[in-house]
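So the chains spell out like this:
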Amino acid sequence: MQNFEEFDWLTGSEDEHLAMAWQADPAQLRDLARRYDWSMYPEAVMGWVMAQACIDLGSALTAFFNGDPERFNYIPKRQVTKEYQPVAVLLDNIVRRVNSGFYLVDPGRDVASRKTLAKWLTYQEADRLEGRQGRYVLDEKILSTLLDDTLRLDRVTETASYNSDPSLWRDLLSPVMDLGVPRRFLRFKSGDR
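Throughout what follows, the structure given in this document is the object of discussion. Each chain has its residues counted from 1, running along the sequence as written. It should be noted that, the model being predicted, local features are given only for residues of pLDDT at least 70 and side-chain atom pairs only at 80 or more, the latter also being counted only at that level, while totals for whole chains, interfaces and linings use all residues. Based on all heavy atoms of the structure, the side-chain values leave hydrogens and waters out of the count.

**Here's the deal with a nonpolar patch on the surface**
Logical step 1: Together, Leu-168, Trp-169, Leu-172 and Leu-173 make up an exposed nonpolar region whose accessible area comes to about 490 Å².
Logical step 2: Helix and strand labels come from DSSP, where a helix needs a run of H or I of at least four residues and a strand needs a run of E of at least two; each type is numbered from the N terminus. In this structure, Leu-168 sits in helix α9 (residues 168–177). Nonpolar side chains (Val, Leu, Ile, Met, Phe, Trp, Tyr) are joined into patches within 5 Å and like charges within 9 Å, using only residues with over 30% relative accessible area and no salt bridge. Surface accessibility in these figures is a Shrake-Rupley result with a 1.4 Å probe; residues are shielded only by whichever protein chains are displayed. Salt bridges are defined as contacts in which a side-chain nitrogen from Lys or Arg sits within 4 Å of a carboxyl oxygen from Asp or Glu.

As structure tokens, then:
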């Protein structure tokens, strides 16, 4: 089997592309999601890659915008021609996974183009105000974790919390004292359910 880094994606067949994706490690899959050429075999290759749990939200959104979703956004599903239906369905699936929270945020991996995402969300808001909706509606609440960078913690504050009153007994008994969930983590839990 050929090495992932040395594989020629331009000349490979659909089966070879899938074989490369299957042998890839999580980092390579995330990279593939971000850079795969959608003019090749997106239904098979990207369909499989985007279903993997290692794909983060930034990579998923980058892949979504690489698929040119704007070309299908305002066309009713039944009017998409047969040759483009698989790509449109793949984009549907990516949006469903984004909106369900399937893709988790990796603070070190942002969406490739925040401008593109901001423009998409601006059009989405304009549609909402005009009483219409495109085919691909991204959930702003899910995206806010990535866009607002709310997962980054202040290391100084966190270190101070961990080091308050250090002792061997506290470390040994902390699971019992905190009932399995340390209070310092409970402050991040939102009040709405």
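**Here's the deal with helix α4 (residues 57–66)**
Logical step 1: With 9 of its 10 residues buried, α4 lies for the most part within the structure.
Logical step 2: Exposure is judged per residue with a 1.4 Å probe applied to protein chains only, and the accessible area is read against the type maximum: over 50% gives exposed, under 20% gives buried, and values in between give partly exposed. Taken residue by residue, α4 has Leu-57, Gly-58, Ser-59, Ala-60, Leu-61, Thr-62, Ala-63, Phe-64 and Phe-65 as its buried positions.
Logical step 3: The elements touched by buried residues of α4 are α2 (26–35), α3 (42–49), α5 (85–100), α6 (114–130) and α7 (140–147).
Logical step 4: Between the side-chain oxygen of the N-cap and the backbone nitrogen of Gly-58 there are 3.2 Å, and the N-cap of α4 in question is Asp-56.
Logical step 5: Positive backbone phi, at 50°, marks Asp-68, one or two positions downstream of α4. Whether two residues touch is decided by their heavy atoms; if any such pair falls within 4.5 Å, the residues are in contact. By the criterion applied in these results, polar contacts are pairs of N or O atoms within 3.5 Å in which, for protein atoms, one can donate a hydrogen and the other can accept it, and in which residues neighboring in sequence qualify only through two side-chain atoms.

**Side note on a negative patch on the surface**
Logical step 1: Taken together, Glu-14, Asp-15, Glu-16 and Glu-43 make up a surface patch of like negative charges.
Logical step 2: When residues of the negative patch are assigned to their parent elements, the largest contribution, 3 residues, is made by helix α1 (residues 14–23).
Logical step 3: Structurally, Glu-14 can be placed in helix α1.
Logical step 4: Under the relative-accessibility criterion, Glu-14 is labelled partly exposed at 35%. By the counting rule applied here, Lys and Arg register as positive and Asp and Glu as negative, while His and the ends of each chain are not counted. A charged residue contributes its charge at one atom only: NZ of Lys, CZ of Arg, CG of Asp or CD of Glu.

The values are spatial; any link to function lies outside them.
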